[in-house]
Amino acid sequence: MSSWIIQTMEYDVDLEALLHAHLRESGAPYTLSAAPGGVGVRMEGRQGLQALSQALGRVLLHDLVPFEAAAMADETPLVREDRQKVLVRAVDAARQQEDMSETVQRLSDYLQAEGKLCLEGFLRFRMPETLLFWRLCVEEAFSELLLEKEYDQAADVLRLLLDERPPRCPSLRLCLHGDGLCSLSDGEELRMEYVDESGEGILSLLVGMAPARLIVYDLSGGTRRELVRALTEIFSGRVCLYTGEFT
């Protein structure tokens, strides 16, 4: 039977409870005990080593993400409420793309040679690409939130402009594609296509045309969700939205 000491000096977690939960899922016999600065773990044989590596992989890649992402989100110039939104999105994105295989192998190799493992040390010195990926998740969530705020501000102004002018055409149909292409028609004479990746041009155009009814076909697979959200807010009460693929 082999034994290890698993430590953390930084993370405010119940390490023994986390290890107990993950090791119990493995079905391998184990013993946990108090140890200086951490938790003592006793496992038996190759199966035990693999089970512990799997459990520690879950701790590193799943349980510790909120701590690291929170520190990264705190570096952004956002108010507390917005930092929390960034944190939630970044953690969700990171967890959706967890890849345990390489981390488990690294842990297994390390535990075969060493009897003590410090979680933050292992993460920082042996998993730098994971930390980089988490930072990218935070930066992406930060960018998305800023874009939403920009759309919200633009939507407020455009909604006021729209409310002040009477409808200039009875109906318009707008198709949004994932590559930024926008197709606009009135079902009769008007038909135009152009690329507008930001969405600002199509918003201004539609407000200027002031349709009594706007039918939006979102064929972008979710890539134009902020534009769609702005359209539904600006044209509230006169917009009809369809999503998916149409043939």
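Look up a bit, the structure's there.
Residues numbered from 1 in each chain as written. Predicted model: local features only at pLDDT ≥ 70, side-chain atom pairs only at ≥ 80, totals over all residues. Heavy atoms only, no water.

Trainee: Give a description of the side chain of E148 that names residues and reports values.
Mentor: Here E148 lies in helix α7 (residues 128–163). Excluding its chain neighbours within four sequence positions, the residues that come into contact with E148 are R89, E226 and R229. (Helix = DSSP H or I, 4+ residues; strand = E, 2+ residues; numbered from the N terminus. Contact = heavy atoms within 4.5 Å.)

Trainee: Explain the sheet that holds strand β2 (residues 30–35) residue by residue, including any values.
Mentor: Read from one edge of the open sheet, 4 strands run β2-β3-β1-β4, paired in mixed fashion. Strands with a single pairing partner mark the edges of an open sheet, and in this sheet they are β2 and β4 (116–118). The mean inter-strand angle of the sheet, taken between neighbouring strand axes irrespective of direction, is 25°. Inspection of the sheet shows strand β1 (residues 2–7) paired to β4 by 3 bridges, in the parallel sense. Paired with I6 across the strands is L117, a residue of β4. Its contacts with the sheet put helix α6 (residues 119–126) on β1 and β4, and the angle it makes with β4 is roughly 70°. (Pairing = 2+ DSSP bridges. Axes fitted to C-alpha atoms, helices over the stretch in contact; angles between N-to-C directions.)

Trainee: For the pattern of salt bridges, give the residues involved together with the corresponding values.
Mentor: Counted according to the given criterion, the structure contains 15 salt bridges. Across the salt bridge formed by R89 and E144, the nearest N and O atoms sit 3.8 Å from each other. With R89 in helix α4 (residues 80–96) and E144 in helix α7, this pair connects stretches of sequence that are 55 residues apart. For E226, the salt bridge identified is with R229, shortest N-O distance 3.1 Å. Taken together, the positions of E226 and R229, both in helix α9 (residues 225–234) and 3 residues apart, correspond to about one turn of that helix. Taking the relative accessible area as the measure of exposure, E226 reaches 11% and is therefore buried. The exposure class of R229 is partly exposed, given its relative accessible area of 27%. One network of salt bridges, in which partners are shared, links R89, E144, E148 and R225. (Salt bridge = Lys/Arg side-chain N within 4 Å of Asp/Glu carboxyl O. Buried < 20%, exposed > 50% of the residue type's maximum accessible area, 1.4 Å probe, protein only.)

Trainee: Go over the state of the cysteines with me, naming the residues and quoting the values.
Mentor: Across all of its chains, the model carries 0 disulfides by this definition. The cysteine C182 is free of any disulfide, with C175 supplying the nearest cysteine sulfur at 9.7 Å. Residue C240 stays outside any disulfide, its sulfur separated by 12 Å from that of C175, the closest cysteine. Looking at C240, the relative accessible area reads 22%, which means it is partly exposed. (Disulfide = S-S within 2.5 Å.)

Trainee: Please set out the packing of helix α2 (residues 45–63) against helix α5 (residues 100–113) residue by residue, giving values where relevant.
Mentor: Orientation of α2 relative to α5, taken along the N-to-C sense of each, is 125°, at an axis distance of 8 Å. The pairing of α2 with α5 is recorded here as oblique in orientation. Our pair here, α2 against α5, has a crossing hand that is right-handed. When α2 is examined against α5, the residues R46, L49, Q50, L52, S53, Q54, L56, G57, R58, L60 and L61 are found in contact with a partner set consisting of M100, T103, V104, L107, S108, L111 and Q112. Here the residues of the contact of α2 with α5 are counted per class, giving 9 nonpolar, 7 polar and 2 charged. (Parallel < 35°, antiparallel > 145°, perpendicular 65-115°, else oblique. Left-handed = near helix turned anticlockwise from the far one by under 90°. Nonpolar A, V, L, I, M, F, W, Y, C, P; charged D, E, K, R; others polar.)

Trainee: Any chance you could break down the sheet that holds strand β5 (residues 169–177) for me, citing the residues and the numbers?
Mentor: The strand order across the open sheet formed by 5 strands is β7-β6-β5-β8-β9, and the pairing between neighbours is mixed. A strand with exactly one partner marks an edge of an open sheet, and here the two such strands are β7 (191–195) and β9 (239–243). Pairs of neighbouring strands in the sheet enclose a mean axial angle of 15°, with direction left out of account. Across 5 bridges, the pairing between strand β6 (residues 181–185) and β7 is antiparallel. Across the sheet, residue S183 finds its bridge partner in β7, namely E193. Lying on the sheet, helix α8 (residues 200–209) is in contact with β5, β6, β7 and β8 (211–219); it crosses β5 at an angle near 170°. Packing against the sheet, α9 makes contact with β5, β8 and β9, and its axis sits at approximately 165° to β5.

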